Amino acid sequence: MVDYKKIGLVNTREMFRKAVSGGYAIPAFNFNNMEQMQAIIQAAVETKSPVILQVSKGARDYANPTLLRYMAEGAVEYAKELGCPNPQIVLHLDHGDSFETCKSCIDMGFSSVMYDGSALPYEENIRISRQVVEYAHKYDVTVECELGVLAGVEDEVASEVSHYTKPEEVIDFATRTGCDSLAISIGTSHGAYKFKPEQCTVDPATGRLLPPPLAFDVLEAVEQKLPGFPIVLHGSSSVPQDEVDTINANGGALKAAVGIPEEQLRKAAKSAVCKINIDSDSRLAMTAAIRKHLAEHPDHFDPRQYLKPARESMKRMYIHKIVNVLGSNDKL
Ligand SMILES: [Zn+2]
């Protein structure tokens, strides 16, 4: 049993309380490797932002859970070395799919876990969420649960209105599970292909696809039911078109990749939304920088030559999100 507090991590409780009352959101960035981790920590330190390091099932399979856990421990020390005496870093399990997965992360030093039972029947979701919360709270680990289904990896079917979180269920769900935060579905979705072209309109000025707007009416109804309760948005990459263009100009073939406009995320961050998950934008920034570098330097073969600009590009993106979208800068 690893005590996350002994390795300098924090849970989300205080962080979310301040974010909700302060009208900003905490960045939750996924990481799978050292360069992403370095870029996230450098960005958080330079902007004086709290940060949530997220580990998904894919990351655990790719990198190994133990290595990721020690990287997060290293991240705390790295932040201090970079000049941040009291870094506010959460190590969070993204989309835990069972009680056992959540328990194993809690036991190895995660300070926060998500249990995602959103695809299960309502009562089953409550039962397992409750089980995770009871175990997690023994160790002061905070728990995010989910109600409502997102499109993308959580559901192959494109998001329909009926998949939005039902505001009439949230009081019952939050009360009976005891969860610390709630991920809701208001039209965001996972991945770089968030919407089918037929769901979008075409911007006449640029010819680019514009996604359908987020369901702010659902968010407002949830906030009325649970005033001040921390709300989480998944699938909130914006899929910057300049990164997509760079990828495609250098041998890539990303067709009709569309994300959530940053103005909408900024608006959400000012509400009870206190955690915004961003993963695909980091992948795009990394891939664009690597493709561009290798196209310009076909003789390079040392991974450091192309991973260095990739890391710098991700760092710029993280800083942009923190300062211009989430507003979590200058909070340490
Ligand atoms: Zn998610």
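Preceding block: the structure.
The rules behind the values
- One numbering rule holds for all chains: residues counted from 1, following each sequence as written.
- With pLDDT at 70 or above as the cut-off, local features in this predicted model cover only qualifying residues; side-chain atom pairs require 80 or more to be listed or tallied, and sums for whole chains, interfaces and linings still use all residues.
- Note that water and hydrogens are dropped before the side-chain values are worked out from all heavy atoms of the structure.
- To define a nonpolar core, start from buried Ala, Val, Leu, Ile, Met, Phe, Trp, Tyr and Cys residues and group those joined through side-chain atoms within 4.5 Å.
- Think of it in three bands: with a 1.4 Å probe and only protein chains considered, a residue is buried below 20% of the maximum accessible area for its type, exposed above 50%, and partly exposed in between.
- Per the convention used, a helix needs a DSSP run of H or I reaching at least four residues, while a strand needs a run of E reaching at least two, with both numbered from the N terminus.
- We call two strands paired when DSSP finds no fewer than two bridges between them.
- Crossover handedness is defined by viewing with both strands directed away from the observer: a clockwise path from the first strand over the helix to the second marks the crossover as right-handed.
- Each axis is a line fitted through C-alpha atoms, taken for helices only over the stretch in contact, and angles between the N-to-C directions span 0 to 180 degrees.
- Contacts were defined at the residue level, with two residues in contact if any of their heavy atoms lie within 4.5 Å.
- Three classes are used: nonpolar for Ala, Val, Leu, Ile, Met, Phe, Trp, Tyr, Cys and Pro, charged for Asp, Glu, Lys and Arg, and polar for all others, with Gly counted as polar.
- Salt bridge, as applied in this entry: a Lys or Arg side-chain nitrogen positioned within 4 Å of an Asp or Glu carboxyl oxygen.
- Coordination shells were defined by N, O and S atoms within 2.8 Å of each metal, extended to 3.2 Å for Na, K and Ca; water is absent from the atom set, which can make sites look incomplete.

Caption draft 1: Quick look at the nonpolar core. In this structure, Leu 53, Val 113, Leu 182 and Ile 231 are the most contacted members of the largest nonpolar core, which totals 86 residues. In terms of residue count, helix H12 (residues 303–326) provides more of this core than any other element does, eight residues in total.

Caption draft 2: Representation of the pairing of strand S1 (residues 26–30) within the structure. Along S1, five of the five residues are buried, which leaves the element largely enclosed by surrounding structure. Alternating residues of S1 divide into Ile 26, Ala 28 and Asn 30 and Pro 27 and Phe 29, and every residue in both groups is buried. Summarising the sheet, S1 and strand S10 (residues 273–278) pair through four bridges and their orientation is parallel. Bridge pairing in S10 places Ile 26 opposite Lys 275. For the handedness criterion, the β-α-β arrangement of S1, helix H2 (residues 34–47) and strand S2 (residues 51–55) is classed as right-handed.

Caption draft 3: Representation of the packing of helix H6 (residues 122–138) against helix H7 (residues 170–177) in the model. Contact pair H6 / H7: the axes reach a minimum separation of 8 Å and the direction vectors enclose 35 degrees. Together, Tyr 122, Glu 123, Asn 125, Ile 126, Ser 129, Arg 130 and Val 133 of H6 and Asp 172, Phe 173, Arg 176 and Thr 177 of H7 make up the contact between the two elements. Its residues assigned to classes, the contact of H6 with H7 comprises four nonpolar, three polar and four charged.

Caption draft 4: Expanded view of the sheet that holds strand S6 (residues 181–184). Here we have eight strands rolled up into a closed barrel, ordered S1-S2-S3-S4-S5-S6-S9-S10, and parallel in their pairing. This sheet shows a mean twist of 25 degrees between the axes of neighbouring strands, independent of strand direction. In the sheet, strand S9 (residues 231–233) pairs with S10 via three bridges, with the strands oriented parallel. Across the sheet, the residue bridging to Val 232 is Lys 275, located in S10. Along the sheet face, helix H1 (residues 13–22) touches S1, S2, strand S3 (89–96), strand S5 (142–147), S6 and S10 and points at about 110 degrees away from the line of S10. Its contacts with the sheet put helix H5 (residues 99–107) on S3 and strand S4 (112–115), and the angle it makes with S4 is roughly 175 degrees.

Caption draft 5: Just the pattern of salt bridges, in detail. Summed over all chains, the structure comprises 19 salt bridges. We note a salt bridge from Asp 281 to Lys 321, for which the minimum N-O separation is 2.8 Å. One end of the pair, Asp 281, is in helix H11 (residues 280–296); the other, Lys 321, is in helix H12, with 40 residues separating them in the sequence. The exposure class assigned to Lys 321 is buried, which follows from its relative accessible area of 1%. Notably, a salt bridge pairs Glu 296 with Lys 292, separated by 3.3 Å at the nearest N-O pair. Here Lys 292 and Glu 296 lie together in helix H11, a separation of four residues that amounts to about one turn. Because the salt bridges share partners, they merge into one network encompassing Lys 5, Arg 13, Asp 140 and Asp 180.

Caption draft 6: Structural detail: the coordination of the zinc ion. Looking at the metal site, the zinc ion is ligated by His 95 (NE2), His 190 (NE2) and His 234 (ND1), spaced 2.0 to 2.1 Å from it. Mapping the donors of the zinc ion onto the primary sequence gives the spacing H-x94-H-x43-H. Of this pair, His 190 sits in the loop between S6 and strand S7 (201–202) while His 234 sits in the loop between S9 and helix H9 (241–249), and the two are 44 residues apart along the sequence. Taking the relative accessible area as the measure of exposure, His 190 reaches 14% and is therefore buried.

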